[in-house]
Amino acid sequence: MFEKLSIFAAFLAILMPFTQSKAEQLNLQEVAPGVFVHQGIHAMPNRQNHGEIANIGFIVGEQCVAVIDTGGSPAQGRALDAAITEKTKVPVCYVINTHVHPDHLYGNSAFKRAGVSFIGHRKLAQAMAVRAPYYLEKAGRDLGLGLKQEDFIAPDRTVDSTLELDLGGRKLTLTAHGPAHTDNDLTVFDDKTRTLWLSDLLFIGHLPVIDGSLTGWLRELSKLTKIDAKLAIPGHGPVSSEWPKAAEAETRYLEMLRSEIRAYIKQGKTMEQAMAEVGQSARGDWQLFDDFHKRNIATSFAELEWED
Amino acid sequence: MKKDLNISAFCLMIAGLLFANITLAAGDEDAAWNNVLKKQFFGDRSIDESGATIELTAPYRAEDPALVPVSVTAKLPQTTSNYIKTITLIIDNNPVPFAAAFHFTPESGKADIATRLRFNAYTNIRAIAETNDGKLSMVKSFVKASGGCSAPIGADLDAAMARMGKMKFKLDGDKIALNQPNQTQLLVSHPSISGMQMDQISRMVKPAHFVNQVKVSFNGKPVLSAETDIALSTDPNFRFYFVPDKAGELKAEVKDNQGKEFSYTQAVTP
Ligand SMILES: [Zn+2]
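Residues numbered from 1 in each chain as written. Chains lettered and ligands numbered in written order. Predicted model: local features only at pLDDT ≥ 70, side-chain atom pairs only at ≥ 80, totals over all residues. Heavy atoms only, no water.

**Student:** Looking at this structure, how should I read the overall build of chain B?
**Tutor:** Along its length, chain B carries four helices and 16 strands. If you take every contact in chain B between residues at least 6 apart in sequence, the share linking residues at least 24 apart comes to 66%. (Helix = DSSP H or I, 4+ residues; strand = E, 2+ residues; numbered from the N terminus. Contact = heavy atoms within 4.5 Å.)

Next up, the structure:
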């Protein structure tokens, strides 16, 4: 059994250089002064990775640290907390949850303590509430995580449109977006380094997943790409120093879906036909294509058939 | 796992036991049906499982558990002497297993129905047809809700709420063909939410709000009617047949569990 585990660990170490080791030590990169990112892996959440697949991290000011997404499990949240303590003496004042997906917020409970404020989109609490029963069941069944409602932690501060946070000598601007990747997406802009933390509004390498609105996402991207940022941090994939170029592949994929599905709807074809046929030529461009492409078509089809 | 394999291997040598093993293995998936649901919905009536009356198409993997396309195809035409009266859809392991019951008439032409359903779990879905002679027959299909971050909820509930009650019919082409079954699709915008009682996370109360009745008629004659429940996707969608004898009006009347009523008519011409 032990032997098997260590072979597996070695296998992981070769395949996934950025993932944490078994001792729950978190691999972090300082991508800009005071901006730390743990890069996740392109994998479906499962019992082996416990859903620890997303990019998470934190930004350090003179008085406060802001955590941006807490990870896919309470253990990963604790590992992130420990890594912060290792890097700085500045305390965590804020946990920013970029959206409702479990791979980004199941680490929340690690930061629930006096002095830490949880911040999210105005629709985050509702999204947590309606999804929790299903997500909790799935965490037990698919991830091997025994979680409770308390592990979600709704925001005590919400963002309606924008919110500025002063970390001490460093200002973060949080923007609440319209339905896009989900209906509760937040992005974070760090003035000091001109870093735009897009979380799951930007996928690089990992197929974009639509759980909000296809047309809404394209609309938000057209605004986001106008931002003069030096660094772009995706929710999945490597940090990029080329903004807005980093959004090109994602934009191309979403535009392709929109135009092809619109054509299917116009021709009176069904959702089933669209799911079987649309956009298959993009398969080679993305990882996890077979895991998410058809669901993207289904959700987009249901959205676009109400356009006229 | 290993034990199962051994048992199977053993059974392979003894044909009689192989059959017993299949019955046993299927027992888990069918437990809710055998122990509770069958009796609840159909009492002690016998149900044929030969698959001679209808066919059920559902994906093995639910790509988006909020929007799973499911269709039932009739294997016999609707005639005045012999027709499918009702097709009931049950999703065994959903919080509310009853998904919908669709009622047809000889004028439906074909008792085919396609819709989009929510799946909360790994579960069987079953379609039970009742013919006008009162006989029941059932087909089933196993569906696995997929992994990833999706949930069986609508992606953009506010958009569905904003256009609630909006409907449209989509025909196969612009014109209808007279005196033969024509396929049409009814789209209904409705958030279709299951609601929650005093949720611990958000401290919000949200009452359930979903479509529970659908009636479609052509020139006043019923074509399709249905009782529906929370398993219907956000923005419910139905594909079915009707047989027009002349130009006329397709009419949809929809009610929800909060007593709201919506209606819509659309003129169709040959
Ligand atoms: Zn996400």
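**Student:** Is there a simple way to think about the interface of chain B and chain A in this case?
**Tutor:** Often the size quoted for an interface is simply the accessible area lost on bringing the parts together. Each partner contributes residues to the interface: chain B has 42 residues there, and chain A has 44 residues. A buried area of about 3700 Å², summed over both sides, lies between chain B and chain A, and 55% of it is on carbon and sulfur atoms. For the interface between chain B and chain A, the tally reads five salt bridges. Where chain B meets chain A, there are seven residue pairs in polar contact (both at pLDDT 80 or more). For the side of chain B that touches chain A, the secondary structure elements donating two or more residues are β10 (167-171), β11 (182-188) and β14 (237-242) of chain B. Within the side of chain B that touches chain A, the residues separate by chemical class into 18 nonpolar, 10 polar and 14 charged. (Buried area = accessible area lost by both parts, 1.4 Å probe. Salt bridge = Lys/Arg side-chain N within 4 Å of Asp/Glu carboxyl O. Polar contact = N/O pair within 3.5 Å; in protein donor to acceptor, adjacent residues only side chain to side chain. Nonpolar A, V, L, I, M, F, W, Y, C, P; charged D, E, K, R; others polar.)

**Student:** Explanation requested: the sheet that holds strand β2 (residues 35-38) of chain A in the structure shown.
**Tutor:** Note on sheets: strands pair through backbone hydrogen bonds, and any given pair is parallel or antiparallel. Residues and elements named next belong to chain A. One open sheet holds the seven strands; their spatial order is β1-β2-β3-β4-β5-β6-β7, and the pairing between them is mixed. The sheet terminates laterally at β1 (29-32) and β7 (157-159), the two strands that pair on one side only. Neighbour to neighbour, the strand axes of the sheet diverge by 25° on average, direction disregarded. Where β2 meets strand β3 (residues 56-60), four bridges bridge the pair, whose relative direction is antiparallel. When the sheet's bridge partners are listed, Val37 is paired in β3 with Gly57. (Pairing = 2+ DSSP bridges. Axes fitted to C-alpha atoms, helices over the stretch in contact; angles between N-to-C directions.)

**Student:** Would you explain helix α5 (residues 214-224) of chain A in this entry?
**Tutor:** Working note: α-helix, 3.6 residues per turn, so residues spaced by three or four point in the same direction. Residues and elements named next belong to chain A. Of all 11 residues making up α5, eight are buried, and the element is well covered by its neighbours. Taken together, the buried positions of α5 are Leu214, Thr215, Gly216, Trp217, Leu218, Glu220, Leu221 and Leu224. Among the structural elements, β10 (186-190), β11 (195-203), α6 (248-266) and α8 (289-304) are those in contact with the buried residues of α5. (Buried < 20%, exposed > 50% of the residue type's maximum accessible area, 1.4 Å probe, protein only.)

**Student:** Would you mind going over the coordination of the zinc ion with me for this structure?
**Tutor:** For a metal bound by four donors in tetrahedral geometry, the ideal donor-metal-donor angle is 109.5 degrees, whereas six donors in octahedral geometry ideally sit at 90 or 180 degrees. All names here are of chain A. For the zinc ion, the full set of protein donor atoms is His99 (NE2), His101 (ND1), His181 (NE2) and Asp200 (OD), at a range of 2.0 to 2.2 Å. Donor residues for the zinc ion, ordered by position in the chain, follow H-x1-H-x79-H-x18-D. Of this pair, His101 sits in the loop between β5 (92-96) and α3 (102-105) while Asp200 sits in strand β11, and the two are 99 residues apart along the sequence. (Donors = N, O, S within 2.8 Å, 3.2 Å for Na, K, Ca; no water.)

**Student:** Can you help me understand the packing of α5 of chain A against α8 of chain A in this one?
**Tutor:** The angle between the axes and the distance between the axes are what describe a pair of packed helices. Residue and element names in this part refer to chain A. Between α5 and α8, whose axes approach to 8 Å, the crossing angle comes to 90°. Looking at the two axes, α5 sits roughly perpendicular to α8. Residue-level inspection shows Leu214, Thr215 and Gly216 of α5 in contact with α8, the latter providing Ser300, Glu303 and Leu304. The class makeup of the residues in the contact of α5 with α8 is two nonpolar, three polar and one charged. (Parallel < 35°, antiparallel > 145°, perpendicular 65-115°, else oblique.)

**Student:** Sorry if this is basic, but what is going on with helix α3 (residues 31-42) of chain B here?
**Tutor:** All names here are of chain B. Taking 1.5 Å of rise per residue, 12 residues should cover 16 Å, and α3 covers 16 Å from first to last C-alpha, within 8% of that figure. Among the residues of α3, those classed as buried are Trp33, Leu37 and Phe42. Within α3, the buried residues cover an arc of 90° as seen down the axis, which keeps them to one side. In α3, the exposed residues that point more than 90 degrees away from the buried face are Asn35, Lys39 and Gln40. Residues of α3 that are buried sit in contact with β1 (47-48), β5 (84-91), β8 (123-131) and β9 (136-145). Just downstream of α3, Gly43 is the residue with a positive phi angle, here 55°. (Expected span 1.5 Å × (residues − 1). Arc of directions from axis to C-beta.)

**Student:** Just checking my understanding: could you explain the packing of α5 of chain A against α6 of chain A for this structure?
**Tutor:** Residue and element names in this part refer to chain A. Where α5 meets α6, the axes come as close as 10 Å, and the angle between the chain directions of the two elements is 140°. Crossing hand, α5 versus α6: left-handed. On α6, the residues touching Leu214, Thr215, Trp217, Leu218 and Leu221 of α5 are Glu250, Thr251, Leu254, Glu255, Leu257, Arg258 and Arg262. A class-by-class count of the residues in the contact of α5 with α6 yields six nonpolar, two polar and four charged. (Left-handed = near helix turned anticlockwise from the far one by under 90°.)

**Student:** Explain the state of the cysteines here, please?
**Tutor:** Where two cysteines share a covalent bond between their sulfur atoms, that bond is called a disulfide. Residue and element names in this part refer to chain A. Under the counting rule described, the total for this entry stands at one disulfide over all chains. What pairs with Cys64 in a disulfide is Cys93, and their sulfur atoms sit 2.0 Å apart. Negative torsions about the S-S bond denote left-handed disulfides, and the value of about -85° found for Cys64 with Cys93 makes this one left-handed. Here the residue Cys64 occupies a position in the loop between β3 and β4 (65-68), and Cys93 occupies one in strand β5, the gap between them amounting to 29 residues. (Disulfide = S-S within 2.5 Å.)

**Student:** Which parts of the structure should I look at to understand the pattern of salt bridges?
**Tutor:** Side chains that carry opposite charge are capable of pairing whenever their charged atoms lie near each other. Residue and element names in this part refer to chain A. Across all of its chains, the model carries 26 salt bridges over all chains by this definition. Ionic pairing is found between Arg194 and Asp228, a salt bridge with its closest N-O pair at 3.9 Å. One end of the pair, Arg194, is in the loop between β10 and β11; the other, Asp228, is in the loop between α5 and β12 (231-236), and 34 residues separate them in sequence.

**Student:** Just to check I follow, could you spell out the packing of aromatic side chains for this structure?
**Tutor:** Think of a pair of aromatic rings as described by two things: how far the centres are apart, and how the planes are tilted against each other in angle. Scanning the model with the defined rule gives 10 aromatic pairs over all chains in all. Directly above the ring of Tyr264 of chain A sits Lys269 of chain A, whose terminal nitrogen or CZ lies 4.4 Å from the centroid. (Phe/Tyr/Trp six-rings, centres within 6.5 Å; stacked < 30°, edge-to-face > 60°. Lys NZ or Arg CZ within 6 Å of the ring centre and 35° of its normal.)

**Student:** Before we go on, may I ask you to explain the pairing of β8 of chain B in this structure?
**Tutor:** Strand residues, when the strand is regular, have side chains that alternate between the two faces of the sheet. Residue and element names in this part refer to chain B. For β8, a buried count of nine out of nine residues is recorded, marking the element as mostly surrounded by other parts of the structure. Here β8 shows two buried faces, one formed by Thr123, Ile125, Ala127, Ala129 and Thr131 and the other by Asn124, Arg126, Ile128 and Glu130. Relative to β8, β5 runs antiparallel, the two sharing seven bridges. Bridge assignment links Thr86 to a residue of β8, and that residue is Glu130. Relative to β9, β8 runs antiparallel, the two sharing eight bridges. Paired with Ala129 across the two strands is Ser137, which belongs to β9. The hairpin formed by β8 and β9 contains four residues between the paired strands, and Gly134 there has a positive phi angle of roughly 85°.

**Student:** Is there a simple way to think about the sheet that holds strand β7 (residues 113-117) of chain B in this case?
**Tutor:** Residues and elements named next belong to chain B. Spatially, six strands are ordered β2-β4-β7-β14-β11-β10 in an open sheet, and the strand pairing comes out antiparallel. Each edge of the open sheet is held by one strand with a lone partner, namely β2 (54-57) and β10. Shown here is a sheet whose adjacent strand axes are inclined to one another by a mean of 15°, direction ignored. Sheet topology places β2 next to strand β4 (residues 68-74); four bridges connect them, and they run antiparallel. Bridged to Glu55 within β4 is Thr73.

**Student:** What exactly am I supposed to notice about unusual backbone geometry here?
**Tutor:** Negative phi values dominate among residues other than glycine, just as trans dominates among peptide bonds. Trp243 of chain A connects to Pro244 of chain A through a cis peptide bond whose omega is 15°. Phi at Asp235 of chain B takes a positive value of approximately 55°, unusual for a residue other than glycine. Relative to the helices and strands, Asp235 of chain B resides in the loop between β13 (221-228) and β14.

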